[in-house]
Amino acid sequence: LLHDQAYAISKAASHFHIQNLASTSPAPKPIALVLEDGVGLASDFREKVWALIQEEIPCDWDVLSLSTGCPAGRCISPHLARI
């Protein structure tokens, strides 16, 4: 259990670090995509993510996780849950 907790904390710290880098870079972009090592993308990944951005993500969200695990939280659209 301790190993799992340490891994989760390390992963969260890494994600917060990259979010900070993306938002404070000298030339920030309106959208930054961060992927885990070894990730494989579907051929229509770009279209699906762009549809989420345009049609489903609330304007006040700063971060979207494209996790494939069981969702938690409250559903706000057919594909998104607020955690």
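You'll find the structure just up there.
Described in the following lines is the structure provided in the data block. Small disclaimer: the values here were computed from a predicted structure and weren't measured. (Residues numbered from 1 in each chain as written. Predicted model: local features only at pLDDT ≥ 70, side-chain atom pairs only at ≥ 80, totals over all residues. Heavy atoms only, no water.)

Some details on the overall build of the chain
1) Next: A tally of regular secondary structure across the chain gives 2 helices and 2 strands.
2) Next: With respect to the principal axes defined by its C-alpha atoms, the chain has extents near 40 × 35 × 30 Å.
3) Next: Residue burial in the chain is summarised as follows: out of 83 residues, 8% are buried.
4) Next: A separation threshold of at least 6 residues defines the contact pool for the chain, and within that pool the share at least 24 residues apart is 18%.
5) Next: Accessible surface for the chain amounts to roughly 7,300 Å². Of this, 60% is attributable to carbon and sulfur atoms.
6) Next: Of the side-chain charges in the chain, 6 are positive and 9 negative, and the distance between the mean point of each set is 3 Å. (Helix = DSSP H or I, 4+ residues; strand = E, 2+ residues; numbered from the N terminus. Buried < 20%, exposed > 50% of the residue type's maximum accessible area, 1.4 Å probe, protein only. Contact = heavy atoms within 4.5 Å. Areas by Shrake-Rupley, 256 points an atom, 1.4 Å probe, with all protein chains shown as cover. Lys, Arg positive; Asp, Glu negative; His and termini not counted. Charge placed at Lys NZ, Arg CZ, Asp CG, Glu CD.)

Here's the deal with helix H2 (residues 45-55)
1) Next: Within H2, the full set of buried residues consists of Phe45, Val49 and Leu52. Down the axis of H2, the buried side of the element spans an arc of 55 degrees, and every buried residue falls inside it. The exposed residues of H2 that point more than 90 degrees off its buried face are Arg46, Gln54 and Glu55. (Arc of directions from axis to C-beta.)

Describing the pattern of salt bridges
1) Next: Here the structure, examined in full by the defined rule, presents 1 salt bridge.
2) Next: Note that Lys48 is salt-bridged to Asp44, the shortest N-O span being 3.5 Å. (Salt bridge = Lys/Arg side-chain N within 4 Å of Asp/Glu carboxyl O.)

Observations concerning the environment of Ile53
1) Next: When you line up the elements, Ile53 lands in helix H2.
2) Next: For Ile53, a relative accessible area of 28% puts it in the partly exposed group.
3) Next: Along the chain, Ile53 and Ser43 lie 10 residues apart, while their C-alpha atoms are 18 Å from each other.

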